[in-house]
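# Fold and contact review
Chain residues, written in single-letter form:
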Amino acid sequence: MAAVIHQGGAQKLALPYNPQQKLTVKQILPNFALMDASKSPKEVFSADIQKDLLLLEEQEGSVNFKFGVVYMKAGQKMDDEMLSNEDGSADFDEFMALLGEKIRLKDWERYRGGLDVKGDMTGKYSVYTLYEGHEIMFHVSTMLPFSRDNRQQVERKRHIGNDIVNIIFVDEDSSGEETEFNPNNIKSQFTHVFAVVTRRSRKYRLAVYCDETVPPFGPTLPNPPEFEDPAVFRDFLLVKLINGEKATFQTPTFSRKRERTLEMLIKDLYEEYVHDNKMN
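Let us look at the structure shown here. Just so we're clear, the structure is a prediction, and the values are computed from it rather than from any experiment.

Counting buried positions along strand β6 (residues 134–140) yields 7 of 7 residues, so the element is predominantly enclosed. Neither face of β6 is open: one carries His134, Ile136, Phe138 and Val140, the other Glu135, Met137 and His139, and all of them are buried. Pairing of strand β3 (residues 65–73) with β6 involves 5 bridges; the strand directions are parallel. The residue bridging Phe65 from the neighbouring strand is Ile136, located in β6. Across 5 bridges, strand β5 (residues 125–131) lies against β6 in antiparallel orientation. Within β6, the position partnered with Thr129 by the bridge is Ile136. Joining the antiparallel neighbours β5 and β6 is a turn of 2 residues, in which Glu132 adopts a positive phi near 50 degrees.

Now the structure itself:
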């Protein structure tokens, strides 16, 4: 696997490997788009620059994730109603225990996903997991600070509304009447993917809604989209959430922001080291 970082983003390419005939850097670079093959590359020997470049590539790869989780009672339709739920049901609690472990935020030392770990400003607890090398923090609506005086629950919206991917757990009533989720009732310019989870007869059911600009992403939902084994469902859901966020980064809005950010980081890196003559 070869990788190159430029202002358009990190680009990776798989090339055939032959141990008898190793490719040089000059032979590899023409395989990348936007690379000028006429220029001779210079190897970077500085350990500091190598470390910073690896860190830059890691940041591009979205190593850690934060996902919103909203508890929706039967009959609720608008986001203000959902975010005003102070507690979830037994089914919701079981679902959250499936997703990850309940952690105490104060003095938490691992990935915090933007939550306060010093003074309980964003609640006392949250749910966290480590999946295939990715740290994931869930912004759980019922665990974030609740305000009786603020119907819009601004503090909860501040986190969940700024998550690219949200899980909506729909708690259907005992009559079995289906509660429909409408993504248009969620006011957020940032959230692009909704994973809607319901539980019926001990089976988890999943539906996925995306903004029209998000390209298709896997894994493909089974037909019917139901899961009897909770562990299988957990794996499927987490992969779907991660891929959904990565797919959203390819939309025009996000790709332009990432290009500008990466261009600025590369420029800062260049200016920092060129004066120290470490680029030679």
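Next comes the rest of the write-up.
This part is about empty space enclosed by the protein. Regions of empty space are outlined by a rolling probe, equal in size to a water molecule, passed over the atoms. By the definition in use, this model includes 2 cavities of 30 Å³ or more. Residue lining of the largest cavity: Val70, Asp79, Met82, Leu83, Lys157, Ile160, Gly161, Asn166, Ile186, Lys187, Ser188 and Thr191, and that is the complete set. Elements with a contribution of two residues or more to the lining of the largest cavity: α3 (79–82) and α5 (154–160). Residue classes in the lining of the largest cavity are distributed as 5 nonpolar, 4 polar and 3 charged.

Looking now at the packing of aromatic side chains. This model, assessed by the stated rule, comprises 13 aromatic pairs. Taking the centre distance of 5.9 Å and the plane angle of 50 degrees together, the rings of Phe95 and Tyr204 count as tilted. With Phe95 in helix α4 (residues 90–99) and Tyr204 in strand β9 (residues 203–210), this pair connects stretches of sequence that are 109 residues apart. The same class applies to Phe95 and to Tyr204, which are both buried. Relative to Tyr209, the ring of Phe181 has its centre 5.8 Å away and its plane inclined at 65 degrees; by these criteria the two rings are edge-to-face. One end of the pair, Phe181, is in the loop between β7 (165–171) and β8 (193–200); the other, Tyr209, is in strand β9, and 28 residues separate them in sequence. Given the relative accessible area of 7%, Phe181 is considered buried.

The strand order across the open sheet formed by 8 strands is β4-β5-β6-β3-β7-β8-β9-β10, and the pairing between neighbours is mixed. Each of the sheet's edge strands pairs with one partner strand only, and the pair in question is β4 (101–104) and β10 (226–227). Together, β3, β5, β6, β7, β8, β9 and β10 form the strand contacts of helix α6 (residues 230–248), whose direction differs from that of β3 by roughly 120 degrees.

Applying the stated criterion across every chain, the model contains 15 salt bridges. For Glu94, the salt bridge goes to Arg202, with nearest N and O atoms at 3.4 Å. With a gap of 108 residues between them, Glu94 in helix α4 and Arg202 in the loop between β8 and β9 connect regions that are remote in the sequence. Here Arg202 falls in the exposed class, since its relative accessible area comes to 53%. Connected through shared salt-bridge partners, Asp79, Asp80, Lys157 and Lys187 make up one network.

A few words on the pairing of β8. β8 sits mainly inside the fold: 7 of its 8 residues count as buried. As defined by bridge partners, β7 adjoins β8 across 6 bridges and the pair is classed as parallel. Across the sheet, the residue bridging to Val170 is Thr198, located in β8. When β8 meets β9, the two strands line up antiparallel, connected through 8 bridges. From the neighbouring strand, Val196 faces β9, where its bridge partner is Ala207.

About the thresholds
Residues numbered from 1 in each chain as written. Predicted model: local features only at pLDDT ≥ 70, side-chain atom pairs only at ≥ 80, totals over all residues. Heavy atoms only, no water. Buried < 20%, exposed > 50% of the residue type's maximum accessible area, 1.4 Å probe, protein only. Helix = DSSP H or I, 4+ residues; strand = E, 2+ residues; numbered from the N terminus. Pairing = 2+ DSSP bridges. 1 Å grid on protein atoms, 1.4 Å probe; cavity = no way out; pocket = protein on both sides within 12 Å on 5 of 7 lines; lining within 4 Å. Points joined across faces, edges and corners; volume = space filled by probe spheres on them. Nonpolar A, V, L, I, M, F, W, Y, C, P; charged D, E, K, R; others polar. Phe/Tyr/Trp six-rings, centres within 6.5 Å; stacked < 30°, edge-to-face > 60°. Contact = heavy atoms within 4.5 Å. Axes fitted to C-alpha atoms, helices over the stretch in contact; angles between N-to-C directions. Salt bridge = Lys/Arg side-chain N within 4 Å of Asp/Glu carboxyl O.

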